[in-house]
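Each chain is listed here by its residues.
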There are 2 protein chains.
Amino acid sequence: MLEARMQQADVLKKVVDAIKDLVQDCNFDCNDAGIALQAMDNSHVALVSMMLKADAFAPFRCDRNIALGINLSSLTKVLRAAQSNDELVIKAEDAPDVVSLTFESAEQDRISEYDIKLMDIDQEHLGIPETDYAATVKLPCAEFQRICRDLSALSESVTIECAKDGVKFSCQGDIGAGSVNLRSRQDVDKPENDVIIDLSEPVALTFSLKYLVNFCKASGLSKHVKLCLSAEVPLLVQYELLNQSHLRFYLAPKIGDEE
Amino acid sequence: MLEARMQQADVLKKVVDAIKDLVQDCNFDCNDAGIALQAMDNSHVALVSMMLKADAFAPFRCDRNIALGINLSSLTKVLRAAQSNDELVIKAEDAPDVVSLTFESAEQDRISEYDIKLMDIDQEHLGIPETDYAATVKLPCAEFQRICRDLSALSESVTIECAKDGVKFSCQGDIGAGSVNLRSRQDVDKPENDVIIDLSEPVALTFSLKYLVNFCKASGLSKHVKLCLSAEVPLLVQYELLNQSHLRFYLAPKIGDEE
DNA sequence: CATCGCACCT
DNA sequence: AGGTGCGATG
């Protein structure tokens, strides 16, 4: 059986909010390492990969591999019932029909329990090759979200160009063109503003802004987001969570005249 | 060419916000005196007139007359990308296809540049006669905005009556009637609350509240607003900006049974 | 159903 | 000033 207690129901809520528009149904794969999720979006352009390590729960118990096939719209409805600061306990039997979510107020004076029916989902398991990226950019989530939103007012696509000392986001659209240049910066007094570029080779790639704006719904999960780019491979947009847990989005670049 | 740097991108943002619902497209007329704009609203009831004097910019350079025909909805989208405290540089060539807006963060570690395509706009140039108004009322923006909003819940129109020692805003509607009386007041300790009436002749006129509410979007630009009235001529609603710059709205009174 | 824009509220 | 909730729209 599975029994996992999260201190902050909010975390699961934000994770699911960030992916529910990309993926309708998917398996939460549970084993003694934790709870993992991998899914492609409907149009097979983007891929979501979540890992919540066992350490992110206390306690965490999962005797054997269990795949919980869940409709994310149903899950969203249930998670809306979580109030901030509620703890969340996730429970399932070994061959479950349902998963149970229990929300407990801090003082334990309100306990809500929801069961969600499970579904069988045939999941192509996706091997994601480890890549040595040509460039990684770590920047504040809020800044990335702002850039994506601003540029999406002008165009469907953004070109991300990484150089050693800065990163440039640019787009062209019917009403005009836009670009945002961020210089790398580091400030020990305000590390939350850091923009850190790690580059082995300059790279410039073009991506759909609609997807990037969508990924940015995860902004509340972390202070920073890491963008990893290499020519001709999908962009990795990564949010680090506590205890080496993470939420990752992969997005294939646009090629040639698609832009 | 034109090159004009504003210390506060916010000012242009607020000006455009205040007029974008009245006017879709209009020319920004640039010359060595500054940047001016004049346009009638679609229904030809209201007129907007903006003047940003060269002194409001530092530096300001404009070698020859340039008319920048801009779609205000496009401009709004671009100005949304301005963050508070960003500086704004406006640039255009002498016979431009585009106008360039550059937003610079205070530390210069983020520079965003947007180009907006220009359009050809045939503009009837409007001579606005200088009028000696029968009454002028200077009052806090917030107070005027509040009055217009409150009365607009009751009626489409407001009657403004100026007397020597006070001004009365009143309306009648289906659910009842409303009126707000402001006595003139002056307080050296709180000049921001001043209500100053300058009157050569009592006057009472009726105006569309919808337009007045719209004009009040400019309230963030100034502490006070000046209302200038004379019988049978348009109301002037004036916001003074720094360096003798201003934003003015003119609104024709309603006559007779239109009220 | 999802997205967008506006207004309100904190 | 930013976030949230609502209403309207496609």
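Everything numeric here is computed off the predicted structure, so don't read it as measured data.

Cut-off values and rules
- Residues numbered from 1 in each chain as written.
- Chains lettered and ligands numbered in written order.
- Predicted model: local features only at pLDDT ≥ 70, side-chain atom pairs only at ≥ 80, totals over all residues.
- Heavy atoms only, no water.
- Helix = DSSP H or I, 4+ residues; strand = E, 2+ residues; numbered from the N terminus.
- Contact = heavy atoms within 4.5 Å.
- Areas by Shrake-Rupley, 256 points an atom, 1.4 Å probe, with all protein chains shown as cover.
- Lys, Arg positive; Asp, Glu negative; His and termini not counted.
- Charge placed at Lys NZ, Arg CZ, Asp CG, Glu CD.
- Buried area = accessible area lost by both parts, 1.4 Å probe.
- Salt bridge = Lys/Arg side-chain N within 4 Å of Asp/Glu carboxyl O.
- Polar contact = N/O pair within 3.5 Å; in protein donor to acceptor, adjacent residues only side chain to side chain.
- Disulfide = S-S within 2.5 Å.
- Pairing = 2+ DSSP bridges.
- Axes fitted to C-alpha atoms, helices over the stretch in contact; angles between N-to-C directions.
- UniProt positions renumbered as here; feature names shortened; annotations may be inferred.
- Expected span 1.5 Å × (residues − 1).
- Buried < 20%, exposed > 50% of the residue type's maximum accessible area, 1.4 Å probe, protein only.
- 1 Å grid on protein atoms, 1.4 Å probe; cavity = no way out; pocket = protein on both sides within 12 Å on 5 of 7 lines; lining within 4 Å.
- Points joined across faces, edges and corners; volume = space filled by probe spheres on them.
- Nonpolar A, V, L, I, M, F, W, Y, C, P; charged D, E, K, R; others polar.
- Arc of directions from axis to C-beta.

Undergrad: A description of the overall build of chain A should follow, citing residues and the corresponding values.
TA: Regarding its fold elements, chain A presents four helices and 18 strands. In chain A, 64% of the contacts between residues at least 6 apart in sequence involve partners at least 24 apart. As displayed, chain A has an accessible area near 12,600 Å², and 45% of this comes from carbon and sulfur atoms. Here chain A holds 26 positive side-chain charges and 42 negative ones, and the gap between their average locations is 5 Å.

Undergrad: Residue-level account of the interface of chain A and chain B, with values.
TA: With 18 residues of chain A at the interface, the matching set in chain B holds 17 residues. Between chain A and chain B the total buried area reaches about 1,300 Å² when both faces are included, carbon and sulfur atoms providing 46% of it. The tally of links from chain A across to chain B stands at two salt bridges. Across the pair Glu143(A) and Arg110(B) runs a salt bridge whose closest N-O atoms are separated by 3.6 Å. Along the contact surface separating chain A from chain B lie nine residue pairs in polar contact (both at pLDDT 80 or more). Secondary-structure elements contributing two or more residues to the side of chain A that touches chain B are α3 (141–152) and β13 (176–183) of chain A.

Undergrad: Give me the lowdown on unusual backbone geometry, citing residues and values where you can.
TA: With omega at 0°, the peptide bond leading from Ala58(A) into Pro59(A) counts as cis. The residue Gln108(B) is not glycine, and still its phi comes out positive at about 65°. With respect to the helices, strands and loops of the structure, Gln108(B) is situated in the loop between β8 (98–104) and β9 (110–117).

Undergrad: How would you summarise the state of the cysteines if you had to cite specific residues and measurements?
TA: Under the criterion given, the structure shown has zero disulfides over all chains. Free cysteine Cys228(A): the closest other cysteine sulfur is in Cys162(A), separated by 9.7 Å.

Undergrad: Quick one: what's the story with the sheet that holds strand β7 (residues 87–92) of chain A, residue by residue and with numbers?
TA: All names here are of chain A. The antiparallel open sheet is built from five strands, whose spatial order is β5-β1-β7-β8-β9. Two strands lie at the open edges of the sheet, namely β5 (60–62) and β9 (111–117), each paired on one side alone. Strand-to-strand, the axes of this sheet are offset by a mean angle of 15°, without reference to chain direction. For strand β1 (residues 2–6) and β5, the ladder comprises three bridges, and the chain directions are antiparallel. Paired with Glu3 across the strands is Arg61, a residue of β5. The sheet strands contacting helix α2 (residues 72–79) are β8 (98–104) and β9, and the helix crosses β8 at an angle near 20°.

Undergrad: Hey, could you go over the UniProt feature "domain: Proliferating cell nuclear antigen PCNA N-terminal" (unreviewed entry) in chain A for me, with residue numbers and the actual values?
TA: Mapped onto the present numbering, the UniProt feature "domain: Proliferating cell nuclear antigen PCNA N-terminal" (unreviewed entry) falls on residues 1–124 of chain A. Helix makes up 15% of residues 1–124 of chain A and strand 45%, and the two end C-alpha atoms of the span are 24 Å apart.

Undergrad: Requested: an account of α3(A), with residues and values cited.
TA: A rise of 1.5 Å per residue sets the reference length of α3(A), with its twelve residues, at 16 Å; its end C-alpha atoms lie 16 Å apart and thus fit the reference within 8%. Regarding α3(A), the residues found buried are Cys141(A), Glu143(A), Phe144(A), Arg146(A), Ile147(A), Cys148(A), Asp150(A) and Leu151(A).

Undergrad: Pulling in residues and values, what's your account of the environment of Leu88(B)?
TA: Residue and element names in this part refer to chain B. Its place among the elements puts Leu88 in strand β7 (residues 87–92). Judged by relative accessible area, which is 0%, Leu88 ranks as buried. Those residues in contact with Leu88, other than ones at most four positions away along the chain, are Ala4, Arg5, Met6, Ala9, Leu12, Leu101, Thr102 and Phe103.

Undergrad: Pulling in residues and values, what's your account of empty space enclosed by the protein?
TA: Per the counting criterion, the structure on display carries three cavities of 30 Å³ or more. Within this model, the largest cavity holds a volume of roughly 110 Å³. Contributing to the lining of the largest cavity are Leu12(A), Phe28(A), Ile35(A), Leu52(A), Leu68(A), Ile70(A), Leu75(A), Ile90(A), Val99(A), Leu101(A) and Ile116(A). Among the secondary structure elements, those contributing two or more residues to the lining of the largest cavity are β6 (66–71) and β8 of chain A. The space that makes up the second largest cavity amounts to roughly 90 Å³. When contributions to the lining of the second largest cavity are tallied by element, the ones reaching two or more residues are β4 (46–53), β6 (66–71) and β8 of chain B. Among the residues forming the lining of the second largest cavity, the class breakdown is eleven nonpolar, no polar and no charged.

Undergrad: For the pattern of salt bridges, give the residues involved together with the corresponding values.
TA: A full pass over the atoms with the stated rule returns 23 salt bridges over all chains. In this structure, a network of salt bridges that share partners links the residues Glu143(A), Arg185(A), Asp86(B), Asp109(B) and Arg110(B).

Undergrad: Lay out the side chain of Glu104(B) in plain terms, naming residues and giving numbers.
TA: All names here are of chain B. If you trace the backbone, Glu104 turns up in strand β8. Among the polar contacts made by the side chain of Glu104, one reaches the side chain of Gln108 at a distance of 2.9 Å. Residue contacts for Glu104: discarding those within four places in its chain leaves Arg5, Asn85, Asp86, Glu87, Val89, Arg110 and Ile111.

Undergrad: Can you explain the sheet that holds β9(B)? Please cite residues and give values.
TA: The nine strands are arranged β15(A)-β11(A)-β12(A)-β13(A)-β9(B)-β8(B)-β7(B)-β1(B)-β5(B) in an open sheet whose pairing can be described as antiparallel. In this open sheet, the two strands that pair with only one neighbour each are β15 (203–208) of chain A together with β5 (60–62) of chain B. This sheet shows a mean twist of 15° between the axes of neighbouring strands, independent of strand direction. Sheet analysis places β7(B) next to β8(B), joined by five bridges and oriented antiparallel. Note on β8(B): the bridge partner recorded for Glu87(B) is Glu104(B).

Undergrad: Go over helix α3 (residues 141–152) of chain B with me, naming the residues and quoting the values.
TA: Turning to α3(B), its buried residues number three or more, namely Cys141(B), Phe144(B), Ile147(B), Cys148(B) and Leu151(B). The buried residues of α3(B) occupy an angular sector of 135° when projected down its axis, which confines them to one face.

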